[in-house]
Amino acid sequence: MSIDLGMPQLGGLDLVPQAEAPQTAKDFTSDQEVRWCPGCGDYAVLAAVRSFMPTLGIKRENTVFVSGIGCSSRFPYYMDTYGMHSIHGRAPAIATGLAVARPDLSVWVVTGDGDSLSIGGNHLIHALRRNVNLKILLFNNRIYGLTKGQYSPTSETGKVTKSSPMGSVDHPFNPVSLALGAEATFVGRAIDSDRKGLTAVLQAAAAHRGTALVEIFQDCPIFNDGSFDVLRSPETAPQRLIKLTDGEPIRFGPVGDDGLGTFAVVREGFGLRVAEAADVDPADVVVHDAGDVHLAFALSRLSDQDLTHTVTGVFRDVQRTTYDDAVRAQVGAARATAERAGGPDLQSVLRGADTWTVED
Amino acid sequence: MTSTDTRPPTGDAPGRPSQPTVVRRDRVVIRFAGDSGDGMQLTGDRFTSETASFGNDLSTLPNYPAEIRAPAGTLPGVSSFQVHFADFDILTPGDRPDVLVAMNPAALRANIGDLPKGGIVIVNTDEFTPRNLTKVGYAGNPLEDDSLADFQVHRVAMATLTRGALESTGLSKKDAERAKNMFALGLLSWMYSRPQGSTERFLREKFAKRPDLAEANVLAFRAGHAYGETTEAFAVVYEVAKAKLPAGTYRQITGNTALAYGIVAATHVTGLEVLLGSYPITPATDILHELSRHKAFGVTTVQAEDEIAGVGAALGASFGGRLGVTTTSGPGVALKAETIGLAVALELPLLVIDVQRGGPSTGLPTKTEQADLLQALHGRNGESPVPVIAPQTPGDCFDAVLDAVRMAVTHRTPVILLSDGALANGSEPWQVPDVAALPTVDPAFATEPNAPDGSGAFWPYLRDPGTLARPWAVPGTPGLEHRIGGLEKADGSGSISYDPANHERMVHLRAAKVAGIPVPDLEVDDPGGAAELLVLGWGSTYGPIGAAARRVRAMGRDVATAHLRHLNPFPANLGEVLGRYRAVLVPEMNLGQLASLLRSRYLVDAQSYTKMTGQPFKAEELQDVFLTHIPGAHS
Ligand code: SF4
């Protein structure tokens with residue numbers, strides 16, 4: 001759902017030219033050999049994105065993937081679109097320039113927890129607050145993979161790694177809370193192995209006009225093996241995993257008598273808590289509203305980042321004028337004004353107001 | 001010492017009994033000095049505009065503190081503006097002022113040492129209170145003892161006189177006195193026979209939203225003018241005839257404005273829209289301000305979250321087929337280094353403008369220096385060749401931008417343009433170029449697959465055999481989808497390659513591409529044709545070097561001068577030129593960066609003369625240095 005703030009309603013892809021013929025995942029597959037470690041969660045995300053892109057119906061040549069540095073940042077090489085594998089942390093800044101310059105492109109940023117939350121934290125928050133029409137896929141494996149296993153800004157405190165033999169002392173970021181605090185207009189979360197859930201969030205992100213941050217929990221079997229297993233295993237996942245659907249009561253867990261999950265999310269103070277659905281008045285169960293930033297924030301903090309309760313889906317999706325549209329509107333307005341006056345006239349700008357003439 | 005009367009003319013002033021003497025001068029240097037809050041930059045700027053529209057040649061040097069409002073009345077709070085104007089072509093803002101306008105004791109104290117004996121001092125006496133004098137360490141009042149005996153001193157109660165002139169406006173005492181800078185401007189305009197109309201027009205425009213303030217400033221300006229006319233103390237009016245410049249239409253321009261105009265003109269010559277990504281930094285910010293007003297030409301300005309994002313956005317736009325530009329000063333170049341390196345690897349056009357200031361670190365934000373040369377050339381990881389270009393005068397900044405843009409677009413490379421604080425805020429008359437005559441640049445975007453194997457694939461690193469430039473294929477072009485990045489690429493196909501021989505080849509190809517960019521030969525100025533000393537400079541030292549050479553030649557000695565616009569690649573004849581002279585002297589506002597490059601590249605015994613005061617060289621100072629370096633001068 002989107003909140004109408006009185007701005008013109010334009011979809012995320014409305015200015016991108018449509019493909020003339022249907023495209024397939026194969027069309028989006030480049031000739032480069034994929035070089036992630038066997039079992040890396042990035043493979044699943046790549047497969048999901050390759051098969052999802054054709055469903056957008058936009059021209060492949062008008063699609064650009066921009067990445068930073070890290071394992072996931074190799075992503076653009078594997079997509080047969082335009083792409084740039086840039087430098088550490090700077091992809092949102094580079095993509096901002098590209099998106100401002102080219103409204104006819106669908107611009108995707110691929111980044112990791114180190115790339116976007118450590119070295120590139122500044123660019124991430126400013127892209128979010130400006131609301132540039134970019135889709136940011138944040139592959140969060142909670143570890144530094146490419147440099148062979150150091151704790152990252154999303155690693156849990158106490159993590160033992162090569163650079164923290166006695167356990168890391170850093171407190172981790174909560175990427176969804178951070179994005180909401182940075183005025184994000186779209187925040188979603190998915191798990192690499194959940195193709196259906198991931199594709200649904202990607203679809204909503206693509207349709208959103210503005211910066212969409214999609215956090216993807218991604219397994220790094222080499223340096224942080226099984227870090228999200230509790231969200232995958234049939235024994236533990238139902239009690240932990242909460243899938244949001246806009247407009248629906250937030251229920252999860254094993255299906256109960258009413259066909260919904262046996263757990264429910266209810267309000268408590270300024271926040272939320274998880275209760276047995278049977279113990280609460282159904283009227284007290286929170287109905288998800290992607291336009292409610294307070295709810296989104298409370299959902300992002302339903303439990304510590306120990307995955308006790310992990311919310312996936314679209315936390316927030318609201319419309320706000322995008323930076324790139326606003327910048328282009330100003331350029332357009334300046335042009336229109338100049339054209340009405342017969343310009344723009346470079347010669348008269350160079351002359352300025354005060355000139356004098358020297359005769360031969 | 002001249003004695004003057006500070007009493008304002010009475011309402012029914014009888015007028016001056018005798019007409020002032022008119023004295024002709026070929027050149028005059030005036031320095032306006034006051035507190036940062038006194039509006040000295042505006043005053044100097046207006047005097048300059050009047051002078052420009054009159055038709056003198058001119059050159060200016062603003063000098064102001066880094067603090068927006070340093071403590072009032074203190075030495076660090078002094079702000080000054082020097083203007084040199086003449087009836088011939090001049091090269092510098094002048095060494096020593098002929099006239100010093102001092103609005104307070106601090107301004108007098110900070111500047112009097114630069115005045116030659118016999119110089120004119122015009123002092124605002126109202127500020128010479130015991131408290132203000134003590135603040136700057138004057139034991140007594142220099143206006144009352146004989147410490148200014150060497151000068152012609154005019155004591156004028158500018159604040160009092162201004163207040164008197166504005167009595168009818170109903171402005172508060174404080175507001176009225178604030179217009180005293182316009183009183184000073186009026187007085188100087190009278191003394192130097194400047195046209196007044198443009199200043200009155202300017203004031204009415206500037207204060208369009210406050211007509212009462214506009215009127216007050218105009219009244220103060222007129223009162224200053226009338227004061228000169230009616231006060232006998234000012235017995236002399238000076239005239240400086242128009243300069244004989246080449247025929248054409250002229251305007252006054254600062255280096256920063258000329259840079260901005262060059263960028264606007266780049267849209268016209270390349271047909272590309274511009275995206276400027278920039279973060280405010282002294283002394284480059286005015287370029288961002290100016291460009292943000294020219295959106296109608298397809299100039300988009302992104303005020304980024306930091307220096308890195310500024311250049312990142314510019315590079316992203318270049319990837320998208322726009323001309324990416326970023327403007328900054330030395331600390332910003334340091335932050336942008338990694339992205340410039342990426343642009344070297346991506347081989348995309350990018351213009352980086354560095355308006356140099358004193359360093360290291362934050363250094364001297366408002367003062368000039370040339371110490372970023374080695375940073376521009378080498379301040380990146382790996383072998384990372386970047387063309388470097390340096391304008392030599394404020395007006396030349398326009399041409400330098402267009403040169404840099406041509407290189408960037410044609411050769412698919414980032415280019416660094418090195419301006420500096422002296423050029424940025426200094427101004428001179430500028431012959432307005434004819435837009436229709438500006439040479440165009442063809443971006444020549446790739447449109448077709450190019451794989452030599454006929455596979456129909458696109459190879460982003462298949463080079464033009466002549467320029468070694470790679471094709472620029474922009475998103476939206478079907479069939480040319482490709483991925484580029486900072487990892488080493490295979491020569492031709494552009495795929496990631498860790499092959500040792502390929503890396504060696506790519507390093508050499510990137511170097512050869514930049515080394516092969518054609519630049520004009522270095523021209524030497526040696527009117528006598530018998531010089532044994534070559535003085536070689538770059539950037540803003542052009543003016544002082546040229547002025548000093550004129551002085552040396554006027555003394556009957558020979559000196560050759562040459563000025564490098566291209567710091568990378570060097571002109572092809574540079575080695576040959578250096579070899580022609582018995583002695584080579586390189587004056588620089590750094591510790592000898594160009595000199596050390598010349599020594600290592602050409603094995604020439606280039607001597608360095610350096611200065612790091614935050615101020616440009618003075619012609620007088622360089623003249624003495626040249627004389628001591630002329631071979632045989634001591635014998
Ligand atoms: S190190 Fe981890 S994240 Fe990186 S490719 Fe290997 S498995 Fe994937």
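Everything in this summary refers to the structure shown in the same document. (Residues numbered from 1 in each chain as written. Chains lettered and ligands numbered in written order. Predicted model: local features only at pLDDT ≥ 70, side-chain atom pairs only at ≥ 80, totals over all residues. Heavy atoms only, no water.)

1. A short note on the overall build of chain A
Counting secondary structure elements, chain A contains 10 helices and 12 strands. The C-alpha atoms of chain A give 23 Å as radius of gyration, which agrees with the globular expectation for 360 residues (21 Å, within 12%). Expressed as lengths along the three principal axes of its C-alpha atoms, the size of chain A is roughly 95 × 50 × 45 Å. Counting every position in chain A, which comprises 360 residues, the buried fraction comes to 55%. Sequence separation of at least 24 residues holds for 67% of the intrachain contacts in chain A that already meet a minimum separation of 6. Roughly 14,800 Å² of accessible area belongs to chain A as shown, and the carbon and sulfur atoms make up 54% of that amount. Here chain A carries 32 positive and 43 negative side-chain charges, and the mean point of each set is 4 Å from the other. (Helix = DSSP H or I, 4+ residues; strand = E, 2+ residues; numbered from the N terminus. Rg over C-alpha atoms; globule rule 2.2 N^0.38 Å. Buried < 20%, exposed > 50% of the residue type's maximum accessible area, 1.4 Å probe, protein only. Contact = heavy atoms within 4.5 Å. Areas by Shrake-Rupley, 256 points an atom, 1.4 Å probe, with all protein chains shown as cover. Lys, Arg positive; Asp, Glu negative; His and termini not counted. Charge placed at Lys NZ, Arg CZ, Asp CG, Glu CD.)

2. So, the pairing of strand 13 (residues 350–356) of chain B
Residues and elements named next belong to chain B. Of all seven residues in strand 13, seven are buried; the element is thus mostly enclosed. Judged from the four bridges that link them, strand 12 (residues 323–328) and strand 13 form a sheet pairing that is parallel. Of the residues in strand 13, the one forming a bridge with threonine 326 is valine 352. For the crossover from strand 12 across helix 12 (residues 330–346) to strand 13, the handedness is right-handed. (Pairing = 2+ DSSP bridges. Right-handed = clockwise from strand over helix to strand, strands pointing away.)

3. Some thoughts on the layout of surface pockets
Residues and elements named next belong to chain B. There is about 720 Å³ of room inside the second largest pocket. Looking at the second largest pocket, it is lined by 34 residues, and the ones nearest its centre are Thr393, Pro394, Glu428, Pro429 and Tyr542. Elements with a minimum of two residues in the lining of the second largest pocket: strand 3 (57–63), helix 14 (396–411), helix 15 (421–425), strand 16 (427–431) and helix 17 (542–554). Its residues assigned to classes, the lining of the second largest pocket comprises 18 nonpolar, 11 polar and five charged. (1 Å grid on protein atoms, 1.4 Å probe; cavity = no way out; pocket = protein on both sides within 12 Å on 5 of 7 lines; lining within 4 Å. Points joined across faces, edges and corners; volume = space filled by probe spheres on them. Nonpolar A, V, L, I, M, F, W, Y, C, P; charged D, E, K, R; others polar.)

4. Focus: the sheet that holds strand 2 (residues 82–85) of chain A
Read from one edge of the open sheet, nine strands run 7(A)-11(A)-5(A)-6(A)-4(A)-3(A)-1(A)-2(A)-17(B), paired in mixed fashion. If you trace the sheet from one side to the other, it starts and ends with strand 7 (241–243) of chain A together with strand 17 (483–485) of chain B, each paired once. Each strand of the sheet is rotated relative to its neighbour by a mean of 20°, with strand direction disregarded. Pairing analysis gives three bridges linking strand 2 of chain A to strand 17 of chain B, with the strands arranged parallel. Within the sheet, the bridge partner assigned to methionine 84 of chain A lies in strand 17 of chain B and is isoleucine 484 of chain B. Where helix 6 (residues 195–207) of chain A meets the sheet, its contacts fall on strand 3 (106–112), strand 4 (134–140), strand 5 (186–191), strand 6 (212–217) and strand 11 (310–317) of chain A, and the angle it forms with strand 5 of chain A comes to roughly 160°. (Axes fitted to C-alpha atoms, helices over the stretch in contact; angles between N-to-C directions.)

5. A short note on the side chain of glutamate 488 of chain B
Residue and element names in this part refer to chain B. Considering the arrangement of structural elements, one finds glutamate 488 in the loop between strand 17 and helix 16 (500–515). Take glutamate 488: its relative accessible area is 13%, and that puts it in the buried class. Excluding residues within four positions of it along the chain, glutamate 488 makes contact with Ser495, Ile496, Ser497, Asn502, His503, Met506 and Arg510.

6. Let's talk about the packing of aromatic side chains
Using the criterion set out here, one finds 21 aromatic pairs over all chains in the structure. Aromatic pair phenylalanine 52 of chain A and tryptophan 108 of chain A: ring centres 6.0 Å apart, planes at 75°, arrangement edge-to-face. Of the two residues, phenylalanine 52 of chain A sits in helix 1 (residues 41–52) while tryptophan 108 of chain A sits in strand 3, which places them 56 residues apart along the sequence. Residues tyrosine 192 of chain B and tyrosine 238 of chain B carry aromatic rings whose centres are separated by 5.1 Å and whose planes lie at 15° to one another, so their mutual orientation is stacked. Of the two residues, tyrosine 192 of chain B sits in the loop between helix 6 (180–191) and helix 7 (197–206) while tyrosine 238 of chain B sits in strand 8 (residues 236–239), which places them 46 residues apart along the sequence. The same class applies to tyrosine 192 of chain B as to tyrosine 238 of chain B, namely buried. Chaining the aromatic ring pairs together yields one cluster made of Trp36, Tyr43, Phe52, Phe65, Phe75, Tyr78, Trp108 and Phe139 of chain A. (Phe/Tyr/Trp six-rings, centres within 6.5 Å; stacked < 30°, edge-to-face > 60°.)

7. Side note on the pairing of strand 4 (residues 78–86) of chain B
Residues and elements named next belong to chain B. Buried residues dominate strand 4, accounting for nine of its nine residues. What you see with strand 4 is no split at all: Val78, Ser80, Gln82, His84 and Ala86 on one side and Ser79, Phe81, Val83 and Phe85 on the other are buried throughout. With nine bridges connecting them, strand 2 (residues 27–35) and strand 4 associate as antiparallel partners. Looking across to strand 4, one finds that phenylalanine 32 is bridged to phenylalanine 81. Direction of pairing for strand 3 relative to strand 4: antiparallel, over a ladder of seven bridges. Bridging from a neighbouring strand, threonine 60 pairs with valine 83 of strand 4.

8. A short note on the sheet that holds strand 22 (residues 583–588) of chain B
Strand pairing in a sheet takes place through backbone hydrogen bonds and is either antiparallel or parallel in direction. All names here are of chain B. Overall, mixed pairing links the five strands, which are arranged 18-20-19-22-23 in an open sheet. Only two strands of the sheet have a single partner each, and these edge strands are strand 18 (524–525) and strand 23 (606–610). As paired elements, strand 22 and strand 23 share five bridges and run parallel to each other. Its bridge partner being in strand 23, valine 584 is matched across the sheet by alanine 606.

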